[in-house]
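Residue strings, one per chain:
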Amino acid sequence: MTRLDGLLIGIALSLACLVLVYRGYEYWVLDQRADQVIENIEKVAKAVHHYHEQTGRWFPVEQEDRPAQIYPDPFHHSVMSTTYQGLDERWLWLENNFGMVLQLVRFEIDSETRVTRHVFDESLKDGEPYLRLLLDYGKRSKTDTRVLMALQDRLPAGALSELDDHYYVLDIRKLRVE
């Protein structure tokens, strides 16, 4: 073996090691981001469950100035001012979920067309909560996909349901929180 052969083998091994280290780091970063999204989902679930334990209702009584659904506008976070049941709206924002918008929704039999009462293992009843997970798949598509895969792995079976490739729903009732 000549010096040139040794040099080429050394370069190839170095490149292979660099790629492995980079992929490992990238996997670790994406896993950390997935952990944050799951933590946000668990915090929302905890606030909703706590409210249900205290009042027997999943959502406050609807009033004109206090809607029972939270739809954060992913483009104008500053206009969102809905607060209730100990929920911090920042848990739902796009930038805090790495390209995924979370929306807390009260199921309404008469007005829901895409989410049917049978979308989850346990049928939804009028007024029960679920989370919409809206994915952008823009510049952050790798992050969105990895976060979604981690969610599917870590959430209880049957809790997450796909309506289309950008729209998932999560059964908040299935998340057991302390």
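Each remark here, short or long, concerns the structure printed above.
Residues numbered from 1 in each chain as written. Predicted model: local features only at pLDDT ≥ 70, side-chain atom pairs only at ≥ 80, totals over all residues. Heavy atoms only, no water.

(A) Representation of the overall build of the protein chain within the structure. A count of helices and strands for the protein chain gives two helices and four strands. The N-to-C order of helical and strand elements in the protein chain reads α-β-β-α-β-β. Here the protein chain holds 178 residues, and the buried ones make up 41% of them. Once local pairs closer than 6 in sequence are excluded, the contacts in the protein chain between residues at least 24 apart make up 64%. When the accessible area of the protein chain is evaluated, it comes to approximately 10700 Å², of which 54% is carbon and sulfur surface. (Helix = DSSP H or I, 4+ residues; strand = E, 2+ residues; numbered from the N terminus. Buried < 20%, exposed > 50% of the residue type's maximum accessible area, 1.4 Å probe, protein only. Contact = heavy atoms within 4.5 Å. Areas by Shrake-Rupley, 256 points an atom, 1.4 Å probe, with all protein chains shown as cover.)

(B) Fine view of helix H2 (residues 141-154). Here H2 is 14 residues long and its end C-alpha atoms lie 20 Å apart, about the 20 Å a rise of 1.5 Å per residue gives. Buried within H2 are the following residues: Thr143, Asp144, Arg146, Val147, Leu148, Ala150 and Leu151. Here the buried face of H2 lies against helix H1 (3-55), strand S1 (100-106), strand S2 (129-135), strand S3 (160-164) and strand S4 (167-171). (Expected span 1.5 Å × (residues − 1).)

(C) Quick look at H1. Between its first and last C-alpha atoms H1 spans 78 Å; for 53 residues at 1.5 Å apiece the expected length is 78 Å, and the two agree. Looking one or two residues beyond H1, the residue adopting positive phi is glycine 56, at roughly 80°.

(D) Representation of the pattern of salt bridges within the structure. In this structure the tally under the stated criterion is 11 salt bridges. Residue arginine 23 is joined to glutamate 26 by a salt bridge in which the shortest nitrogen-to-oxygen separation is 2.4 Å. Of this pair, arginine 23 and glutamate 26 both sit in helix H1, three residues apart, which is roughly one turn of that helix. On the basis of relative accessibility, which here comes to 12%, the residue glutamate 26 falls in the buried class. The partner of glutamate 39 in a salt bridge is lysine 43, and the shortest N-O contact between them spans 3.1 Å. Residue glutamate 39 and its partner lysine 43 are both found in helix H1; the two are separated by four residues, about one turn of the helix. Assessed through its relative accessible area of 40%, glutamate 39 is described here as partly exposed. The class of lysine 43 is partly exposed, set by a relative accessible area of 31%. (Salt bridge = Lys/Arg side-chain N within 4 Å of Asp/Glu carboxyl O.)

(E) Here's a closer look at the pairing of S3. With four bridges joining them, S3 and S4 adopt antiparallel strand pairing. Of the residues in S4, the one forming a bridge with glutamate 162 is tyrosine 168. (Pairing = 2+ DSSP bridges.)

(F) Quick look at the side chain of glutamate 128. Mapped onto the fold, glutamate 128 is located in the loop between S1 and S2. Owing to a relative accessible area of 10%, glutamate 128 belongs among the buried residues under this scheme. Looking at glutamate 128, its side chain comes within polar contact range of the main-chain nitrogen of lysine 125, at 2.8 Å. Setting aside its immediate chain neighbours within four residues, glutamate 128 contacts Trp58, Phe59, Val105, Arg106, Phe107, Ser123 and Arg173. (Polar contact = N/O pair within 3.5 Å; in protein donor to acceptor, adjacent residues only side chain to side chain.)

(G) Fine view of the packing of aromatic side chains. Applying the stated criterion across every chain, the model contains one aromatic pair. For the ring pair tyrosine 25 and tryptophan 28, a centre distance of 6.1 Å and an interplane angle of 35° mean the geometry is tilted. Linking tyrosine 25 with tryptophan 28, this pair stays in helix H1, spanning three residues, or about one helical turn. (Phe/Tyr/Trp six-rings, centres within 6.5 Å; stacked < 30°, edge-to-face > 60°.)

(H) Looking closely at a nonpolar patch on the surface. Residues Leu4, Leu7, Leu8, Ile11, Leu15 and Leu18 make up a contiguous nonpolar surface patch of about 600 Å² in total accessible area. Looking at where leucine 18 falls in the secondary structure, it is placed in helix H1. (Patch = residues over 30% accessible without salt bridge, like charges linked within 9 Å, V, L, I, M, F, W, Y side chains within 5 Å.)

(I) Up close: the pairing of S4. In terms of residue burial, S4 counts as a mostly covered element, since five of its five residues are buried. Residues of S4 alternate between two faces, with Tyr167, Val169 and Asp171 on one and Tyr168 and Leu170 on the opposite face, all of them buried. Two strands pair when backbone bridges link them, and S2 and S4 are joined in this way by five bridges, in the antiparallel orientation. Each residue of the ladder has a partner; that of leucine 134, found in S4, is tyrosine 167. Taking the residues that link successive antiparallel strands as the turn, the S3-S4 hairpin has two residues.

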